[in-house]
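# Working through the structure, step by step
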Amino acid sequence: MKAKNILLPLSFLVGLSTLAQEADIKYVTNKKGATLGYSTTSGVKILTVGGKHFKDLNKNGKLDKYEDWRLPIDERAKDLAKQMSIEEIAGLMLYSNHQAVPGPPDGYRKSSYGGKPFAESGAKPSDLTDQQKTFLDRDHVRHVLITTVSSPKDAAIWSNNLQRTTESLPLGIPVNISSDPRHTTLVTAEYNAGAGGSISLWPDGLAMSATFDPAIVQKFGEIAAKEYRAMGITTALSPQIDLGTEPRWNRMVFTFGESPELTTDMARAYVDGFQTSIGKAEIKDGWGYESVNAMSKHFPGGGAGEGGRDAHFAYGKYAVYPGKNFQMHQKPFVEGAFKLHGKTKSASAVMPYYTISYNQDTKNHENVGNGFSKYIVTDLLRNKYGFDGVVCTDWLIIAKEPNTPGGFAGKPWGVEDLDLPQLHYKALEAGVDQFGGNNMVAPVVEAYKIGVKEHGEDYMRKRLEQSAVRLLRNIFRLGLFENPYLNPEESAKIVGNPQFMKAGYDAQLKSIIMLKNKGHVLPIDKKKTVYIPKVYNEPQRNWWGVYTEGNIAYPVNMENVKKYFNVTDDPNKADLAIVFVKSPTQNHPGYNDELFKAGENGYIPISLQYNTYTAEYAREHSIAAGDKVIAPQITDRSYKGKTANASNITDLYNILETKEKMKGKPVVVSITASRPMVFHEFEPMVEGILLNFGTSEQALLEILSGKVEPSALLPTQMPANMKTVEQQFEDVPFDMQCHKDTEGNVYDFGFGLNWKGVIKDARTAKYKRN
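The model shown is predicted, which means the values in this text are computed figures rather than measured ones. (Residues numbered from 1 in each chain as written. Predicted model: local features only at pLDDT ≥ 70, side-chain atom pairs only at ≥ 80, totals over all residues. Heavy atoms only, no water.)

Looking now at the overall build of the chain. Counting its secondary structure elements, the chain contains 22 helices and 31 strands. Taking 770 residues into account, the globule formula puts the C-alpha radius of gyration at 27 Å, and the chain, at 26 Å, falls close to it. Considering the chain as a whole, with its 770 residues, one finds that 63% of them fall into the buried category. When contacts within the chain are restricted to residue pairs at least 6 apart in sequence, those whose partners lie at least 24 apart make up 73%. On the chain, roughly 27600 Å² of surface is accessible, and the fraction owed to carbon and sulfur atoms is 51%. (Helix = DSSP H or I, 4+ residues; strand = E, 2+ residues; numbered from the N terminus. Rg over C-alpha atoms; globule rule 2.2 N^0.38 Å. Buried < 20%, exposed > 50% of the residue type's maximum accessible area, 1.4 Å probe, protein only. Contact = heavy atoms within 4.5 Å. Areas by Shrake-Rupley, 256 points an atom, 1.4 Å probe, with all protein chains shown as cover.)

Below, the structure written as structure tokens:
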């Protein structure tokens, strides 16, 4: 594997030349061996054996195998697992719910400091919350998910606070901090909640895939891993490598698109970039101080939700395979994330999705969520594909479901009638190692007791130790047992440094697709005068329940625009107009609880067009249906004949009204899309179209002004109409009739324009429709 082209001093990780800012953190070096970092307040002492130094993590005055950095990792992990109590292993199997630095005073992530909200407590942003102190000690949690952070420096200090706390506890097991994707320019929901702090910004999902260049993805992984480690983050809850074969899915934007081949190559590059350390940073087998565990998701692929509905909610619990393509959805895992070019060989962790892969269990014939399916986790993932890394459930599958199909709560699909200990036991029996979104050890211990009654204590002890070894392996590999501490000042210099920022920005530029350029309206000469209409932003409540008032405002920073063009607010004085819009969105994506409460089945279409849509061509009857608890009466989830409205139809009005105001002068539309969309409502009326899946406005202006030539390609088809969307199969790629524009171009996978015309190059030759 080629050496990384961006290398940084390792001092902030291994303590070779700088000391951490906190005075209690000390370093001890071993010649030709590990550098040890420890807190003098934790009670840990340094043992010297045979002229080498070791941390006495369990404070017993002797060198245990798990403390000996010279030994193979599996030998260390097995020794530690045998020393752990059932409660400690159960705690190791927990993955915390979403944490923030500092913690918010209310909502899903509600936190307190000494019993008070952060603003009233006098605490520092990097201080541990009351809740964190409790789950680290009482519940033995050692895997913590972080979302928002106030700054990279605060994140580093917070990480040190976590590590010194757990170092002081029995066995001294370090914390494995994880994050949802943090580097994307588009932060929208729980499943993409990383934010805060100055960090390099990159394309994500469809945006990255639009580059058609796995080398860019690998470079991103290498840089992102350095920034993650500088903030104490050692596991990425990514990449999301579900095949995006269902265009209506609201998570489509975070996939690499619908091509099995392109997604497979992107998946491999992503994991190689994140996990591989080289040179002095390497400890062994590619793992080391610049490695980040990659948790590939969501096995066996979550992109085939019936009708495009999402399995975060009960109304979207089923994935269906009318095209019999279940196995194809596993390709990005089996041939990509599990078959790396780098020395780490395979992604270290996998997350199954919430969905019930309907009627795909050919052995046990269970229709249960993938995290509860022994067929999915053990028979396929473990036995057929030989995966021996960590399997972590998606967040909150081991919690009770909501009162209505549209509520947001637990997601125990297919086993809704089980209590919490039974849910945990069901997942254990399926073969999972870890429970996402649970801070409480008690139900795991109760699940163990259920297993003892069924299988005996010896069996269950071995079963828990098996998971413990897998989980500990991913902590040992990164050198955290030797030194989990950071230099916060160094971290602040590394995260978002100019070199990393430029690399991310360059990738953004390569992710913007030009779809239409009638009469070579683009690029826009700097002498031209442009008109940009304001847009209406509707009132909305985000994933976390935070309400934002509606407003009318410019969609871009006009001061930035003025650096590129002359600007006027009078269409009559403009040479052309640029309209910035978003792809069609809905407040109720596929389901409406109010209709359910009124006695209907509650299901409505998911529309990819702006205008009101009635599902004339939908299935007469749904493929899957049924809910044991909250909606047993709903035996058909069809929405045929139902109507859906885009919540941002004003974007369409804005395009059409601007065209009228311009009186024949050119109109260019710049679209930020979250999934495929229908173009026929406005495309014939405009001269230019740029499409992005999440990028900075600066990058858009660089393309519009001609400072950079567009080079990106469509990573997914753009449908001709909603009829073809309804008639395509959820599990099949490339099965829609695509939009054909006034210039004769078809908006199919792999299409894109540069200044000369349709792009035909090595990328389009390599990645073709099959």
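With that out of the way, let us pick up the packing of aromatic side chains. All chains considered together, the criterion is met by 31 aromatic pairs. Ring centres 5.5 Å apart and planes at 65° place the aromatic pair Tyr228 and Phe274 in the edge-to-face group. A residue pair is termed long-range when its members are at least 10 positions apart, and Tyr228 in helix H8 (residues 214-230) and Phe274 in helix H9 (residues 260-275) qualify at 46 residues. The exposure class of Tyr228 is buried, given its relative accessible area of 1%. Taken together, a centroid distance of 6.0 Å and an interplanar angle of 70° make the contact between Trp249 and Tyr353 edge-to-face. Within this pair, whereas Trp249 is found in the loop between strand S9 (233-236) and H9, its partner Tyr353 is found in the loop between strand S14 (349-352) and strand S15 (356-357), the two being separated by 104 residues in sequence. Judged by relative accessible area, Tyr353 falls into the buried class, the value being 1%. Aromatic ring contacts, followed pair by pair, group Phe313, Tyr315, Phe408, Tyr591, Phe596 and Tyr603 into a single cluster. The ring of Tyr354 carries the charged tip of Lys411 above its face, separated from the ring centre by 5.6 Å. Across from the ring centre of Phe408, 3.9 Å away, lies the NZ or CZ of Lys411, which sits over that ring. (Phe/Tyr/Trp six-rings, centres within 6.5 Å; stacked < 30°, edge-to-face > 60°. Lys NZ or Arg CZ within 6 Å of the ring centre and 35° of its normal.)

This next bit is on helix H20 (residues 697-704). Burial analysis of H20 places six of its eight residues in the buried class, which makes it a mostly covered element. For H20, the complete set of buried residues consists of Ala699, Leu700, Leu701, Glu702, Ile703 and Leu704. Its buried side turned inward, H20 meets helix H16 (498-509), helix H17 (558-561), strand S25 (576-582), strand S28 (667-672) and strand S29 (688-692). A positive phi of about 85° marks Gly706, the residue just after H20.

This part takes up the side chain of Thr393. Structurally, the position occupied by Thr393 is in the loop between strand S16 (390-391) and helix H12 (420-430). Assessed through its relative accessible area of 1%, Thr393 is described here as buried. Only 2.9 Å separates the side chain of Thr393 from the backbone nitrogen of Gly436, close enough to count as a polar contact. Residue contacts for Thr393: discarding those within four places in its chain leaves Met351, Pro352, Val432, Gln434, Phe435 and Gly436. (Polar contact = N/O pair within 3.5 Å; in protein donor to acceptor, adjacent residues only side chain to side chain.)

Bringing the pattern of salt bridges into the picture now. For the structure shown, the criterion picks out 39 salt bridges. For Lys153, the salt bridge goes to Glu489, with nearest N and O atoms at 2.6 Å. Here Glu489 lies in helix H15 (residues 488-494) and Lys153 lies in helix H6 (residues 152-167), a separation of 336 residues in the sequence. With a relative accessible area of 33%, Lys153 lands in the partly exposed category. The salt bridge partner of Lys449 is Glu446, with a shortest N-O separation of 3.4 Å. One end of the pair is Lys449 and the other is Glu446, both in helix H13 (residues 442-455) and three residues apart, which spans about a single turn. Judged by relative accessible area, which is 43%, Lys449 ranks as partly exposed. (Salt bridge = Lys/Arg side-chain N within 4 Å of Asp/Glu carboxyl O.)

Attention now moves to the layout of surface pockets. As a volume, the second largest pocket reaches approximately 960 Å³. Counting residues per element, the ones that place at least two in the lining of the second largest pocket are helix H2 (73-83), strand S10 (282-284) and helix H14 (457-476). The class makeup of the residues in the lining of the second largest pocket is 16 nonpolar, eleven polar and 14 charged. (1 Å grid on protein atoms, 1.4 Å probe; cavity = no way out; pocket = protein on both sides within 12 Å on 5 of 7 lines; lining within 4 Å. Points joined across faces, edges and corners; volume = space filled by probe spheres on them. Nonpolar A, V, L, I, M, F, W, Y, C, P; charged D, E, K, R; others polar.)

Cis geometry marks the peptide bond from Val101 to Pro102, where omega comes out at -5°. Residue Pro300 is bonded to the preceding Phe299 through a cis peptide linkage, with omega at 0°. Within the chain, Lys345 stands out as a residue other than glycine whose phi angle is a positive 75°. When you line up the elements, Lys345 lands in the loop between helix H10 (331-337) and S14.

In this section: the pairing of strand S3 (residues 45-49). Inspection of the sheet shows S3 paired to strand S4 (residues 52-56) by five bridges, in the antiparallel sense. Paired with Val49 across the strands is Lys52, a residue of S4. (Pairing = 2+ DSSP bridges.)

Put simply, H8 and H9 touch, their axes get as near as 7 Å, and they point 30° apart. As the angle between them shows, H8 and H9 are arranged roughly parallel. Crossing of H8 over H9 shows right-handed handedness. Contacts from Pro214, Val217, Gln218, Phe220, Gly221, Glu222, Ala224, Ala225 and Tyr228 of H8 reach H9 at Asp265, Met266, Ala269, Tyr270, Asp272, Gly273 and Phe274. Classifying every residue of the contact of H8 with H9 gives ten nonpolar, three polar and three charged. (Axes fitted to C-alpha atoms, helices over the stretch in contact; angles between N-to-C directions. Parallel < 35°, antiparallel > 145°, perpendicular 65-115°, else oblique. Left-handed = near helix turned anticlockwise from the far one by under 90°.)

Glancing now at helix H5 (residues 130-137). The complete set of buried residues in H5 reads Gln132, Phe135 and Leu136. Summarising the axial view, the buried residues of H5 lie within an arc of 105°, below the 170-degree limit, and thus occupy one face. In this structure, the buried residues of H5 make contact with strand S6 (98-101), strand S7 (143-149) and H6. (Arc of directions from axis to C-beta.)

On to the sheet that holds S16. One open sheet holds the seven strands; their spatial order is S6-S7-S8-S9-S12-S14-S16, and the pairing between them is parallel. Strands at the two margins of the open sheet, each flanked by one partner only, are S6 and S16. Relative to strand S12 (residues 293-299), S9 is paired through two bridges, and the arrangement is parallel. Of the residues in S12, the one forming a bridge with Ala236 is Ala294.

Across the interface, H12 lies against H14 with an axial gap of 11 Å and an inter-helix angle of 75°. If you check the angle between H12 and H14, you find them roughly perpendicular. Facing H12, whose interface residues are Tyr425, Leu428 and Glu429, H14 presents Tyr459, Met460, Arg463 and Leu464. A breakdown of the residues in the contact of H12 with H14 according to their chemical character gives five nonpolar, no polar and two charged.

Next up on the list: the environment of Thr40. Within the secondary structure, Thr40 is located in the loop between strand S2 (36-39) and S3. Expressed as a C-alpha distance, the spacing of Thr40 and Ala23, which sit 17 residues apart in the sequence, is 8.9 Å. Excluding anything up to four places from it in sequence, Thr40 contacts Asp24 and Lys26.

Among the secondary structure elements, Ile173 is positioned in the loop between H6 and strand S8 (176-179). Once you skip the residues sitting within four places of it in the chain, Ile173 turns out to touch Leu80, Met84, Arg142, Thr166, Leu472, Ile475 and Phe481.

Below, the discussion takes up the confidence of the model for the chain. Of the residues in the chain, 94% have a pLDDT of 70 or more, and the chain-wide mean is 93. Of the regions scoring below 50 in pLDDT, residues 1-20 engages in 66 contacts with residues more than four places distant in sequence or in other chains. Contacts of residues 186-196 to residues separated by more than four positions or lying in other chains number 43 contacts, the stretch itself having pLDDT below 50. (pLDDT = per-residue confidence, 0-100.)

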